[in-house]
Amino acid sequence: MTIQDFSTREGELVDSAAVALLAEAVSIPSVSGEERRLAERLREIAAGFGAESFLDDVGNAHAIVGSGARTVVLLSHLDTVPGEVPFEHGETHIRGRGAVDAKGPLIAMLVAALTSRDLGLRVHWIGVVEEEALSSRGAEHVRETVPVPDAVLVGEPSGSSTVTVGYKGMVQLDVRCEVTRTHTATPELKSSETLIAALARLLDVFSTRGNANFADVGMVVKNGNFEPFSSRCSLSFRTPPHTSPEELRHQVAAILGEHVAVTLRYEVPPVVVPRSSPCVRALSRAIAIEGRKPRYSLKTGTSDMNTLSRTWTVPMATYGPGDPYQNHTDGEHIAIAEYLAGVRILRTALRELDNSLLEVKP
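Residues numbered from 1 in each chain as written. Predicted model: local features only at pLDDT ≥ 70, side-chain atom pairs only at ≥ 80, totals over all residues. Heavy atoms only, no water.

Caption draft 1: Looking closely at the overall build of the chain. Looking only at helices and strands, one finds nine helices and 18 strands in the chain. Taken over the C-alpha trace, the chain has a radius of gyration of 22 Å; the compact-globule value for 362 residues is 21 Å, and the two agree within 12%. Along the longest, intermediate and shortest principal axes, the C-alpha atoms of the chain span 80 × 45 × 35 Å. Within the span of the chain, comprising 362 residues, buried residues form 54% of the whole. A separation threshold of at least 6 residues defines the contact pool for the chain, and within that pool the share at least 24 residues apart is 77%. Carbon together with sulfur atoms contributes 49% to the accessible area of the chain, which is approximately 15700 Å² in total. (Helix = DSSP H or I, 4+ residues; strand = E, 2+ residues; numbered from the N terminus. Rg over C-alpha atoms; globule rule 2.2 N^0.38 Å. Buried < 20%, exposed > 50% of the residue type's maximum accessible area, 1.4 Å probe, protein only. Contact = heavy atoms within 4.5 Å. Areas by Shrake-Rupley, 256 points an atom, 1.4 Å probe, with all protein chains shown as cover.)

See below:
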């Protein structure tokens, strides 16, 4: 499919073209670390519609529309988790890995950006790499290299009538237990038994059940290797506001005991934005204009809103079409009507931002 195949009407992408663009994006595999083909294609499409477009040093795709004095960043991720989901473009839905997380929001934002050149805003769309990886490399690069904008909308599936106003943080700890090597038939202490017993104590305090409530700490044990003399695993914690990573590490170390070493590998802070935020208000108004009742969500995972909020203290919110319960599932799909509603709501939200907070005052 060529750029010209995405037909336009008076400079705007018609619905059929917007759907074709999403279908093409879903059909292109882009597991974390392998996003280049999709990034290049979206850069090419954006350039074909007159946007300033480029790939940055880590492979993020950028498209800039408009030249206003105020900038709104629309940021979502190019990558998906591994796992094949057969691609299908039906009459009512598009199926495939990433259809919901997060190519639906990603492409809805791109379409909204490309069709908002009449606003008094500079709209900067960014498709970032490696959001599904631990380091969030793409968003970290954006945070460090892109000038701080006036507002940010992050693209993640929330459902077309829902604004996500908060995410838990994440703390990843690496734990290791090593003992003196002896014959395995001797009664001396073994690292595998020691670490397993220590983890059992930890699970009495923390578990995935903690993710049932936004205010609780949840934990998952990952990447374990249990041998008689050297054992290790990782602990991934989802943390609510006011949780200190270092205090959590000390608490975990005390529970695991003296034979287990605990190191802090990675952390990203939780983030909660008020409903009075200009971005939340703009999205809420846009949802209402669409004839729906706005809803609000606090999520127990993390997103690039967490990453950007490390140093960007501007209005933010997260939004995107798609059923979040489809994330990472074997039948991942997005309803076409849901996606198109998301496009319309994002366009209207940009207009609301242009007409209110982001209006340049004389």
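Caption draft 2: Here's a closer look at the layout of surface pockets. The calculated volume of the largest pocket comes to roughly 1000 Å³. Around the largest pocket, the lining is made up of 39 residues, and of these Arg238, Gly301, Thr302, Asn327 and His328 lie nearest the centre. Of all elements in the fold, only β10 (162-167), β11 (169-178), β12 (218-225), β13 (230-239), β14 (260-268), β16 (295-299) and α8 (304-308) reach the threshold of two or more residues within the lining of the largest pocket. Residue classes in the lining of the largest pocket are distributed as 13 nonpolar, 17 polar and nine charged. Counted as a void, the second largest pocket has a volume near 210 Å³. Lining the second largest pocket are 16 residues, with Pro29, Gly83, Glu84, Val85 and Arg97 positioned closest to its centre. Classifying every residue of the lining of the second largest pocket gives eight nonpolar, five polar and three charged. (1 Å grid on protein atoms, 1.4 Å probe; cavity = no way out; pocket = protein on both sides within 12 Å on 5 of 7 lines; lining within 4 Å. Points joined across faces, edges and corners; volume = space filled by probe spheres on them. Nonpolar A, V, L, I, M, F, W, Y, C, P; charged D, E, K, R; others polar.)

Caption draft 3: Just the sheet that holds strand β6 (residues 88-89), in detail. Read across the open sheet, the three strands follow the order β6-β7-β18; overall the sheet is antiparallel. Edge positions in the sheet fall to β6 and β18 (333-335), since each of these pairs with one other strand and no more. Two elements, β6 and strand β7 (residues 93-95), share two bridges in a ladder whose sense is antiparallel. Bridge pairing in β7 links histidine 89 to isoleucine 94. (Pairing = 2+ DSSP bridges.)

Caption draft 4: Representation of helix α2 (residues 36-48) within the structure. Taking 1.5 Å as the rise per residue, α2 with 13 residues should run 18 Å; its terminal C-alpha atoms sit 18 Å apart, in good agreement. Buried residues belonging to α2 abut α1 (15-27), β3 (52-55), β4 (61-65), α3 (99-114) and β8 (121-128). Once α2 finishes, glycine 50 follows within two positions and takes phi at roughly 90°, a positive value. (Expected span 1.5 Å × (residues − 1).)

Caption draft 5: Looking closely at the environment of asparagine 306. For asparagine 306, the position within the fold is in helix α8. As a C-alpha pair, asparagine 306 and serine 32 span 274 residues in sequence and 19 Å in three-dimensional space. The contacts of asparagine 306, once residues within four sequence positions are left out, are Tyr167, Lys168, Gly169, Val268, Pro269, Pro270 and Val271. A distance of 2.9 Å separates a polar atom in the side chain of asparagine 306 from the backbone nitrogen of serine 303. (Polar contact = N/O pair within 3.5 Å; in protein donor to acceptor, adjacent residues only side chain to side chain.)

Caption draft 6: Examining the side chain of serine 158 more closely. For serine 158, the location among the structural elements is in the loop between β9 (151-155) and β10. On the accessibility criterion, serine 158 (8% relative accessible area) is buried. If sequence neighbours within four positions are ignored, serine 158 has contacts with Thr164, Lys299, Tyr319, Gly320, Gly322 and Pro324.

Caption draft 7: Structural detail: the pairing of β11. With seven of its ten residues buried, β11 lies for the most part within the structure. Here ten bridges tie β11 to β13, and the two strands are oriented antiparallel to one another. Counted as the bridge partner of valine 171 is phenylalanine 237 from β13. For β11 and β14, the ladder comprises eight bridges, and the chain directions are antiparallel. By the bridge assignment for β14, glutamine 172 is matched with tyrosine 266.

Caption draft 8: Quick look at the sheet that holds β14. Taken in spatial order, the four strands of this open sheet run β12-β13-β11-β14, and their pairing is antiparallel. Every other strand in the sheet has two partners, leaving β12 and β14 as the edge strands with one partner each. Ignoring which end each strand starts from, the neighbouring axes of this sheet average 20° apart. Of the strands in this sheet, β11, β13 and β14 are in contact with helix α6 (residues 245-256), which crosses β14 at around 155°. (Axes fitted to C-alpha atoms, helices over the stretch in contact; angles between N-to-C directions.)

Caption draft 9: Region of interest: the nonpolar core. The biggest cluster of nonpolar side chains holds 81 residues, and the ones touching the most others in it are Leu42, Leu74, Ile107, Trp125 and Tyr339. With eleven residues, the top contributor of residues to this core is α3. In this view, tryptophan 125 contacts Leu42, Ala61, His62, Ala63, Leu74, Leu106, Met109, Leu110 and Ala113; residues no more than four positions away in its chain are not counted. (Core = buried A, V, L, I, M, F, W, Y, C linked by side-chain atoms within 4.5 Å.)

Caption draft 10: Region of interest: the pattern of salt bridges. Summed over the entire model, instances satisfying the criterion amount to 15 salt bridges. Salt-bridge contacts for aspartate 150 lead to arginine 70; the nearest nitrogen and oxygen are separated by 3.8 Å. In this pair, aspartate 150 is assigned in the loop between α4 (137-145) and β9 and arginine 70 in strand β5 (residues 70-77), connecting sequence segments 80 residues apart. Between arginine 143 and glutamate 144 there is a salt bridge; the shortest N-O distance is 3.8 Å. Take arginine 143: its relative accessible area is 17%, and that puts it in the buried class. The exposure class assigned to glutamate 144 is exposed, which follows from its relative accessible area of 58%. Overlapping salt bridges, with partners in common, bring together Glu140, Arg143, Glu144, Glu267 and Arg310 in one network. (Salt bridge = Lys/Arg side-chain N within 4 Å of Asp/Glu carboxyl O.)

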